[in-house]
Amino acid sequence: MAELEAMGYRAEEDWLEIGGKRLRSRFFLGTGRFPSPAVFRLALEASAAEVVTFAVRRVNLDYAEDDAILQHMDGSGYVYLPNTSGAGNADEAVRIAKLARAAGLSDWIKVEISANPRTLLPDPIETLRATERLAREGFVVLPYTSDDPILCKRLEEAGAAAVMPGGAPIGTGLGLLNPYNLGLIVEEAGVPVIVDAGIGAAADAVQAMELGAAGILANTPVAKAQDPVGMARAMRLAVEAGRLAYLSGRIPKRRYASASSEAEGVPPLAASAAAGARPDARDGRG
């Protein structure tokens with residue numbers, strides 16, 4: 001940390017910027033599946049998340065301020081990230097996004113278009129179409145997508161403010177099934193990469209951040225944990241640790257062992273032992 005600070009790094013200035021907003025927290029939290037709104041509120045505080053996501057279809061847009069979850073965040077400075085969960089194509093996603101904006105929820109939108117209800121994997125073609133249309137209409141678009149480096153680049157070119165590749169299918173908790181691809185996405189990206197879906201434990205969040213991800217979005221691993229509040233804090237610390245590890249630079253992997261103590265300047269063990277032995281030790285005389 002001291003060397004990083006000497007190079008000008010300050011943890012409090014390590015902002016994540018998306019759509020003109022500067023965020024201190026790199027952990028985004030979903031709002032679904034919690035045991036109760038009260039538990040969600042405690043988990044949200046423990047997570048230190050600033051961005052919260054929710055399915056627009058779960059909110060009564062005529063009375064959004066009375067939503068069981070959103071009413072706990074009113075006026076608290078959180079960034080709302082409505083998502084288009086349930087949309088089956090670009091037209092439906094665009095319509096959901098416009099409804100959310102008209103209701104005053106946010107001009108941020110997480111494009112989520114799944115063609116298969118069993119896998120919930122994102123539809124790449126419809127996701128790209130929706131991203132292009134919504135970006136043209138002034139939305140801050142964060143598309144949920146597969147871990148395809150080419151598709152992520154195309155989404156960026158279409159106007160995405162960030163790309164959100166999944167580590168594994170939604171809700172599976174399988175972790176990062178293809179860290180190689182995620183590494184390639186980070187290398188090529190000109191916008192933040194937020195790893196979304198598939199995270200199962202704090203270790204998965206650390207791994208994603210060490211690969212260079214700008215942030216993590218998680219819901220199920222927190223909401224369905226035995227202790228959601230404790231897991232929310234664990235995820236927050238994991239994201240922070242992974243980010244610092246990435247900035248600090250890990251050692252290269254080696255095929256063979258490498259002693260942590262340098263051998264240079266150290267006398268050979270046999271000579272050292274002989275020099276320190278008593279003269280009569282070898283013949284047994286006392």
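Everything below is about the structure printed above this text.
Residues numbered from 1 in each chain as written. Predicted model: local features only at pLDDT ≥ 70, side-chain atom pairs only at ≥ 80, totals over all residues. Heavy atoms only, no water.

**Here's the deal with the side chain of Ser-47**
Move 1: Examined against the element boundaries, Ser-47 turns out to sit in helix H2 (residues 37–47).
Move 2: You can call Ser-47 buried: its relative accessible area is 0%.
Move 3: In terms of polar contacts, Ser-47 uses its side chain to reach the backbone amide nitrogen of Ala-49, at 3.1 Å.
Move 4: When sequence neighbours within four positions are dropped, the list of residues in contact with Ser-47 reads Phe-27, Leu-29, Ala-232 and Arg-236. (Helix = DSSP H or I, 4+ residues; strand = E, 2+ residues; numbered from the N terminus. Buried < 20%, exposed > 50% of the residue type's maximum accessible area, 1.4 Å probe, protein only. Polar contact = N/O pair within 3.5 Å; in protein donor to acceptor, adjacent residues only side chain to side chain. Contact = heavy atoms within 4.5 Å.)

**Things to note about the packing of H2 against helix H9 (residues 228–248)**
Move 1: It is the contact of H2 with H9, at a shortest axis distance of 8 Å, that shows an interaxial angle of 20°. Judged by the inter-axis angle, H2 sits roughly parallel to H9. In this structure, the crossing between H2 and H9 has a hand that is right-handed. Counted together, Val-39, Leu-42, Ala-43, Ala-46 and Ser-47 of H2 and Pro-228, Val-229, Ala-232, Arg-233 and Arg-236 of H9 form the full contact between these two elements. (Axes fitted to C-alpha atoms, helices over the stretch in contact; angles between N-to-C directions. Parallel < 35°, antiparallel > 145°, perpendicular 65-115°, else oblique. Left-handed = near helix turned anticlockwise from the far one by under 90°.)

**Some words on helix H5 (residues 149–157)**
Move 1: Of all the residues in H5, the buried ones are Pro-149, Leu-151, Cys-152, Leu-155 and Glu-156. Relative to the axis of H5, the buried residues are bounded by an arc of 165° and lie together on one face. Turned more than 90 degrees off the buried face of H5, the exposed positions are Ile-150 and Glu-157.
Move 2: The inward-facing, buried residues of H5 contact helix H4 (124–136), strand S7 (140–145), strand S8 (164–165) and helix H6 (179–188).
Move 3: For H5, the capping residue at the N-terminal end is Asp-148, with a side-chain oxygen 2.9 Å from the backbone nitrogen of Ile-150. (Arc of directions from axis to C-beta.)

**As for the pattern of salt bridges**
Move 1: Inspection of the entire model under this criterion finds 11 salt bridges.
Move 2: In this structure, Glu-45 and Arg-41 form a salt bridge, with 3.3 Å as the shortest nitrogen-oxygen distance. One end of the pair, Glu-45, and the other, Arg-41, are both in helix H2, 4 residues apart, so they sit about a helical turn from each other.
Move 3: A relative accessible area of 46% places Glu-45 in the partly exposed class.
Move 4: With a shortest N-O distance of 3.9 Å, Glu-240 and Arg-236 are connected by a salt bridge. Here Glu-240 and its partner Arg-236 are both found in helix H9, 4 residues apart, which amounts to about one turn of the helix.
Move 5: In this structure, a network of salt bridges that share partners links the residues Asp-14, Arg-26 and Arg-243. (Salt bridge = Lys/Arg side-chain N within 4 Å of Asp/Glu carboxyl O.)

Read these as layout, nothing more, since geometry by itself doesn't imply function.
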